[in-house]
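What follows is the residue order along each chain.
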Amino acid sequence: MKIWLSLILLNCVNIVFCQSTVDIKEVEGIWIAEDFYNSFEKTHNIHKSRNSFDANYPVALRINSIDTLKGKLYIGYQSLHDHLLHSEESEYVVVEKDTLGKKGCFEIDFSIRDSLNYFLTSEILYFNHDWKSYLKWNENKVTLYRPKKGEWKSETIKYKRVSNEFHRSYPYPNPLYFYTRKRLLVGNYVLREYKGKALTKSLKIKPNGLVSGYSRFKKMYAYYSTDIYCGPPTEDEHLMLFEDVRKEDSKSIHFVMTRPDSETIFLYESYPRRPEYGQELEELGNPKYVLTRK
């Protein structure tokens, strides 16, 4: 009798887990908070979208069914306000015997859900510290909810999916990096000196940020900065190229980026300008490079 009951319970657990796995497949992908998405799709500029979403809350989620272990799903996330670039890995990466954790990650347990089908989440930095939050999904929507408690106001974040698949060579994209690259940078370009000759007609920026086709940028990765929320305010968009963000001494190149139209990117060899005490900004001068989308 005990063996029979054990088999029934085990089978029930397996059914619940398998059903959860199927559910994950339905919502796999990269998800962006709707408020930020609706703004950034119009502005294509972090400065113009800076007030569309709380800079410390999870603005982007990565849901990948391979990030499951012992009945738990590990969900990658990223906030807008972050002073570091992070390696795009799953749970951690080992560099010269040092274990470096990935950026944001919270988990849900498939066995813990309430009557409304909300899963209790683990801690999400700045969003539910010393409190709790819940995640709910269906095929077309992912919702993160924090109930009211004391000084904590209730908060609901709805997410929109921007990609529903993962490339085999890029299984753990940082969801915010992935979205901003896809929207602004990914593509094939002609690279020219400003008012000069074409340096290459085959510059390419891939979804993982890898740049190819020009010797100066060889084996470097492109990142669009959203780090504009503290310190003296900046006025310029900041594009960074890094050989390997996991190493402190990694080769890097920094540009101010402007886009006069949807097909053209100007790159200036300058750090973002910071107008202080009401002073007028100095002119950028001429760009170093011009990228024209093919």
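What comes next concerns the included structure. Source: prediction; values computed, not measured. For every chain, the first residue of its written sequence is number 1, and the numbers climb from 1 along that sequence. Totals for whole chains, interfaces and linings use all residues, but because this is a predicted model, local features are given only for residues with pLDDT of at least 70 and pairs of side-chain atoms are given and counted only at 80 or more. Each side-chain value is worked out from all heavy atoms of the structure, with water and hydrogens disregarded.

### Regarding the pattern of salt bridges
Here is step 1 of the chain: Every case where a carboxyl oxygen of Asp or Glu lies within 4 Å of a side-chain nitrogen of Lys or Arg is listed as a salt bridge. Per the stated rule, a full pass over the model turns up ten salt bridges.
Here is step 2 of the chain: Across the pair Lys 25 and Glu 28 runs a salt bridge whose closest N-O atoms are separated by 3.9 Å.
Here is step 3 of the chain: Residue classification places Lys 25 among the exposed positions, given a relative accessible area of 53%.
Here is step 4 of the chain: Between Arg 259 and Glu 237 there is a salt bridge, with its nearest N and O atoms 2.7 Å apart. Of this pair, Arg 259 sits in strand 17 (residues 252-261) while Glu 237 is found in strand 16 (residues 237-242), placing the two residues 22 residues apart along the sequence.
Here is step 5 of the chain: Of the residues examined, Arg 259 reaches a relative accessible area of 24% and is grouped as partly exposed.
Here is step 6 of the chain: Classification of residues uses two cut-offs on accessible area relative to the type maximum, computed with a 1.4 Å probe and protein chains only: under 20% is buried, over 50% is exposed, and between them is partly exposed. Given a relative accessible area of 7%, Glu 237 falls into the buried group. Segments assigned H or I by DSSP are reported as helices when at least four residues long, segments assigned E as strands when at least two residues long, and all are numbered from the N terminus.

### Some points on the pairing of strand 19 (residues 289-293)
Here is step 1 of the chain: When DSSP finds two or more bridges between two strands, those strands count as paired. By the bridge criterion, five bridges tie strand 12 (residues 187-193) to strand 19 in an arrangement that is antiparallel. Each residue of the ladder has a partner; that of Glu 193, found in strand 19, is Tyr 289.
Here is step 2 of the chain: Summarising the sheet, strand 18 (residues 264-268) and strand 19 pair through four bridges and their orientation is antiparallel. From the neighbouring strand, Thr 264 faces strand 19, where its bridge partner is Thr 292.

### Overview of helix 3 (residues 175-184)
Here is step 1 of the chain: Burial runs high along helix 3: eight of the ten residues are buried.
Here is step 2 of the chain: Among the residues of helix 3, those classed as buried are Pro 175, Leu 176, Tyr 177, Phe 178, Tyr 179, Thr 180, Arg 181 and Leu 184.
Here is step 3 of the chain: Two or three places before Leu 176, at the opening of helix 3, Asn 174 has a side-chain oxygen 3.1 Å from that residue's backbone nitrogen. Under the rule applied, a polar contact is a pair of N or O atoms within 3.5 Å (in protein, one hydrogen donor and one hydrogen acceptor; residues adjacent in sequence only if both atoms are side-chain atoms).

### Quick look at the pairing of strand 17
Here is step 1 of the chain: As paired strands, strand 16 and strand 17 are joined by six bridges and run antiparallel to one another. Considered in strand 17, the bridge of Met 240 is made with His 254.
Here is step 2 of the chain: The hairpin turn running from strand 17 into strand 18, its antiparallel successor, is two residues long.

### Overview of the environment of Glu 235
Here is step 1 of the chain: Residue placement: Glu 235 occurs in the loop between strand 15 (220-224) and strand 16.
Here is step 2 of the chain: Judged by its relative accessible area of 46%, Glu 235 is partly exposed.
Here is step 3 of the chain: Those residues in contact with Glu 235 that sit more than four places away from it in its chain are His 47, Arg 273, Pro 275 and Leu 281. Two residues form a contact once any of their heavy atoms are found within 4.5 Å.

### Observations concerning the side chain of Arg 273
Here is step 1 of the chain: Here Arg 273 shows up in the loop between strand 18 and strand 19.
Here is step 2 of the chain: At 2.5 Å, the side chain of Arg 273 and the backbone oxygen of Glu 282 are in polar contact.
Here is step 3 of the chain: Not counting chain neighbours up to four residues away, the residues in contact with Arg 273 comprise Pro 233, Thr 234, Glu 235, Asp 236, Leu 281, Glu 282, Glu 283 and Leu 284.

### So, unusual backbone geometry
A negative phi angle characterises most non-glycine residues, just as the trans form characterises most peptide bonds.
Here is step 1 of the chain: Positive phi is not limited to glycine here, since Tyr 126 has a value of about 75°.
Here is step 2 of the chain: Here Tyr 126 lies in the loop between strand 8 (119-121) and strand 9 (134-138).
Here is step 3 of the chain: Taking the relative accessible area as the measure of exposure, Tyr 126 reaches 53% and is therefore exposed.
Here is step 4 of the chain: Even without glycine at this site, Lys 219 takes up a positive phi of about 60°.
Here is step 5 of the chain: Structurally, Lys 219 can be placed in the loop between strand 14 (210-212) and strand 15.
Here is step 6 of the chain: Classification of Lys 219 by relative accessible area gives exposed; the value is 58%.

### As for the environment of Trp 31
Here is step 1 of the chain: Residue position: Trp 31 is located in strand 1 (residues 29-33).
Here is step 2 of the chain: Classification of Trp 31 as buried rests on a relative accessible area of 0%.
Here is step 3 of the chain: Along the chain, Trp 31 and Ile 63 lie 32 residues apart, while their C-alpha atoms are 8.0 Å from each other.
Here is step 4 of the chain: If we ignore the near neighbours within four places in the chain, the residues touching Trp 31 are Val 59, Ala 60, Leu 61, Ile 63, Glu 139, Asn 140, Lys 141, Val 142, Tyr 159, Lys 160 and Arg 161.

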